[in-house]
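Structural description and commentary
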Amino acid sequence: MTDSEAALKFIIVGASIAGLASAIALKHSGHNVVVLERESKLGGTILGQGGCARVPPNGCKILFDWGLEAQTRANTSIAVGFGVYKHDGGMAPNRDFVGTSRFNPELMSEARGDFVQFRYHDLLRILYEEATKISERVPVSRVTVLFGADVANVDSDSCSVTLLSGEIHTGDAIIGADGPSGVVRRTLLQEEDVNPEICDVRTGMALCSAVIPKALAIQHPDLASFYEYPASTVSMGSNSGSITCAVGTENDISLWVYTPDSSQDGTWTQEADKKLPDVLGPCDAKIRKLAALAGSANCVQSQDHHELESWVSASGKVLVLGEAAHPFPPASLHAYSVCLEDGAFIGKIFSYARNPERIPEFFYAFEEHRRSRCSRIREAEKQYIGVITLPDGELQVRRDVSMRANHAAGRDVMEGEESNLQQMLDDMRMVFAYDPADDADEWWMSWGRFRDSANIVS
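Predicted model, so just to flag it, every value in this text is computed and none were measured.

We now examine the overall build of the protein. Within the protein, the regular secondary structure consists of 13 helices and 18 strands. In terms of overall size, the protein behaves like a compact globule, its C-alpha atoms giving a radius of gyration of 22 Å where 458 residues would be expected to give roughly 23 Å. Viewed in the frame of its principal axes, the protein has a C-alpha envelope of about 70 × 45 × 40 Å. For the protein, the residues scored as buried account for 57% of the 458 residues in total. Partitioning the intrachain contacts of the protein with sequence separation of at least 6 by distance along the chain shows that 76% fall at a separation of at least 24.

Okay, structure coming up:
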């Protein structure tokens, strides 16, 4: 589409990964977008988990397809797998090594992307710059991002958004990308007569996180194992665990700690009351030493979020996507790539029509195609965390025996039938191979093109 007068106007609430990805894809399809962000600057003051954004190949290839390969490679480290350790390694000089899981090179090649690890702010900046820039591909400005735009109310029927300032924005459609506690998700919950204040349930597990600068870590030779091949680690404990990875081009260490500590609950923009060493519990000495080097950290409670009956409002004009639609456990492996998929799909499907009367149909098609995949990946994430934090007992013993046997035989620790490890590996293959543009094209060719032909882009 080149006719700006025929373009649809989308209001996106939230300059998140999902929000900016949607803005980019909708811009590429010729539509106009206004993004409303409550923070006064891009990304706000995100701590801890905000230090790292892991993007597997299914998300990485979307960035490549948008022409962002150079920016991606200039701002990431590449993960090739992860080493597995026991979280409670005692005070022994060497960590209790269990084995290694490596990403299959053939699988990665088929997926057309790498497993990349950004600093969160770098990924957000790259998406923002792509969304707002004028280029030969899009020679006019189609995306406007307004900061300090705190949304007070969403009117699904009139397709309008009212800010706390009293300012009103109207459009053809509204997309909520403002997270699990955002105003758009709350609007849909209220439509379903669900109380947003009490509908989510804590799991009893919290995720605390921080980033340790490489300049500090390399001053301690005994921490070199965190940089040894494959430079990412998973440490399994009883109702606890930890993950580390090198992040960005600086190769700082991002440290996530799963803990049953439930005394604090915050957000990614709040500094935790406790320091990381205070929530570690029984822990490998080197993980404890690494945690002691961390500065500001944060702590977010893991929750089972209420499942929306529909991601689309009763009016058909409002859609939630990203974490507003399908909240993942904190620090999930696939959270950011799934958000990129959401954006790529919504943009691709709207490349086929500019008729505002078809917006509900397209929104429902988005939900129909995306919901089952997102649910499956989310369940796989929960299973992944469950394997890491499995309580001591018979299942834990069987898990460890299986992994150590695989390592002794020269196999990937995730291979085999024990504890559904092979299923987790198969799920990873399914996730990596997906292409949201192909999925959207499939819906159009099978269904969308046979309906009302008015104002359709051929």
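This is not the end of the story, as more comes after the structure.
Take a nonpolar patch on the surface next. A cluster of nonpolar residues, I78, V80 and Y229, forms a patch on the protein surface that exposes about 300 Å² of accessible area. Relative to the helices and strands, I78 is located in strand 4 (residues 76-79). Taking relative accessible area as the criterion, I78 reaches 45% and is therefore assigned partly exposed.

A word on the environment of R125. In this structure, R125 sits in helix 5 (residues 120-132). Linking R125 and W268, residues 143 residues apart in sequence, is a C-alpha distance of 17 Å. R125 has contacts with L42 and N75, leaving out every residue within four places of it along the chain. At a separation of 3.1 Å, a polar atom in the side chain of R125 contacts the side chain of N75.

Our focus in this paragraph is the side chain of S29. Assignment of secondary structure puts S29 in the loop between helix 1 (17-28) and strand 2 (32-37). Separated by 2.6 Å, the side chain of S29 and the backbone oxygen of G347 make a polar contact.

For helix 6 (residues 183-191), the complete set of buried residues consists of V183, V184, R185, T187, L188 and L189. Each element contacted by the buried residues of helix 6 is listed here: strand 1 (9-13), strand 9 (151-155), strand 12 (173-176) and strand 18 (318-320). Directly after helix 6, the chain includes D193, whose backbone phi takes a positive value near 60 degrees.

The next thing to look at is unusual backbone geometry. A cis geometry characterises the amide bond from Y229 onward to P230, with omega recorded as 5 degrees. Here P230 lies in the loop between helix 7 (214-217) and strand 14 (232-236). Of note in this structure, C159 is not a glycine but carries a positive phi near 55 degrees. Its identity is not glycine, yet N239 carries a phi of approximately 60 degrees, on the positive side. Judged by relative accessible area, N239 falls into the partly exposed class, the value being 35%.

This part is about helix 9 (residues 335-349). If you check helix 9, its first and last C-alpha atoms are 22 Å apart, about what 15 residues at 1.5 Å a residue would give, namely 21 Å. Summarising burial for helix 9: 14 of the 15 residues are buried, a large majority.

This next bit is on the UniProt feature "transmembrane region" (unreviewed entry) in the protein. UniProt tags residues 6-26 as "transmembrane region" (unreviewed entry). As a span, residues 6-26 carries 48% helix and 24% strand, and end to end its C-alpha atoms are 14 Å apart.

All chains considered together, the criterion is met by 24 salt bridges. One salt bridge in this structure joins E69 and R73, with 3.0 Å as the shortest N-O distance. A residue pair is termed a helical-turn pair when its members lie 3 or 4 positions apart in one helix, as E69 and R73 do in helix 3 (residues 69-74) at 4 residues. Given the relative accessible area of 35%, E69 is considered partly exposed. Where E130 meets K133, a salt bridge forms, and the shortest distance between an N and an O atom there is 3.2 Å. Residue E130 is classed as buried on the basis of its relative accessible area of 6%. Here K133 falls in the partly exposed class, since its relative accessible area comes to 35%. What you see here is one network of salt bridges that share partners, running through E307, E367, R371 and R378.

This part covers the packing of aromatic side chains. As enumerated under the stated definition, the model contains 15 aromatic pairs in all. Measuring from ring centre to ring centre gives 5.1 Å for F103 and F115, while their planes differ by 10 degrees; the resulting arrangement is stacked. A residue pair is termed long-range when its members are at least 10 positions apart, and F103 in the loop between strand 6 (97-102) and helix 4 (105-111) and F115 in strand 7 (residues 115-118) qualify at 12 residues. A relative accessible area of 11% places F103 in the buried class. On the numbers, 5.1 Å between centres and 40 degrees between planes, the contact of F350 with F362 is tilted. Of the two residues, F350 sits in the loop between helix 9 and helix 10 (359-388) while F362 sits in helix 10, which places them 12 residues apart along the sequence.

With that settled, the discussion passes to the sheet that holds strand 7. With antiparallel pairing, 3 strands are arranged side by side in an open sheet as 3-7-4. With one partner strand each, in any of the chains shown, strand 3 (53-55) and strand 4 form the two edges of the open sheet. Taken over all neighbouring pairs, the strand axes of this sheet differ in orientation by 25 degrees on average, direction set aside. One ladder, built from 3 bridges, connects strand 3 with strand 7; its direction is antiparallel.

The next point concerns the side chain of R142. Note on placement: R142 falls in the loop between helix 5 and strand 8 (143-147). Residue classification places R142 among the buried positions, given a relative accessible area of 6%. A distance of 2.9 Å separates the side chain of R142 from the side chain of N32, its partner in a polar contact.

Parameters at a glance
Residues numbered from 1 in each chain as written. Predicted model: local features only at pLDDT ≥ 70, side-chain atom pairs only at ≥ 80, totals over all residues. Heavy atoms only, no water. Helix = DSSP H or I, 4+ residues; strand = E, 2+ residues; numbered from the N terminus. Rg over C-alpha atoms; globule rule 2.2 N^0.38 Å. Buried < 20%, exposed > 50% of the residue type's maximum accessible area, 1.4 Å probe, protein only. Contact = heavy atoms within 4.5 Å. Patch = residues over 30% accessible without salt bridge, like charges linked within 9 Å, V, L, I, M, F, W, Y side chains within 5 Å. Areas by Shrake-Rupley, 256 points an atom, 1.4 Å probe, with all protein chains shown as cover. Salt bridge = Lys/Arg side-chain N within 4 Å of Asp/Glu carboxyl O. Polar contact = N/O pair within 3.5 Å; in protein donor to acceptor, adjacent residues only side chain to side chain. Expected span 1.5 Å × (residues − 1). UniProt positions renumbered as here; feature names shortened; annotations may be inferred. Phe/Tyr/Trp six-rings, centres within 6.5 Å; stacked < 30°, edge-to-face > 60°. Pairing = 2+ DSSP bridges. Axes fitted to C-alpha atoms, helices over the stretch in contact; angles between N-to-C directions.

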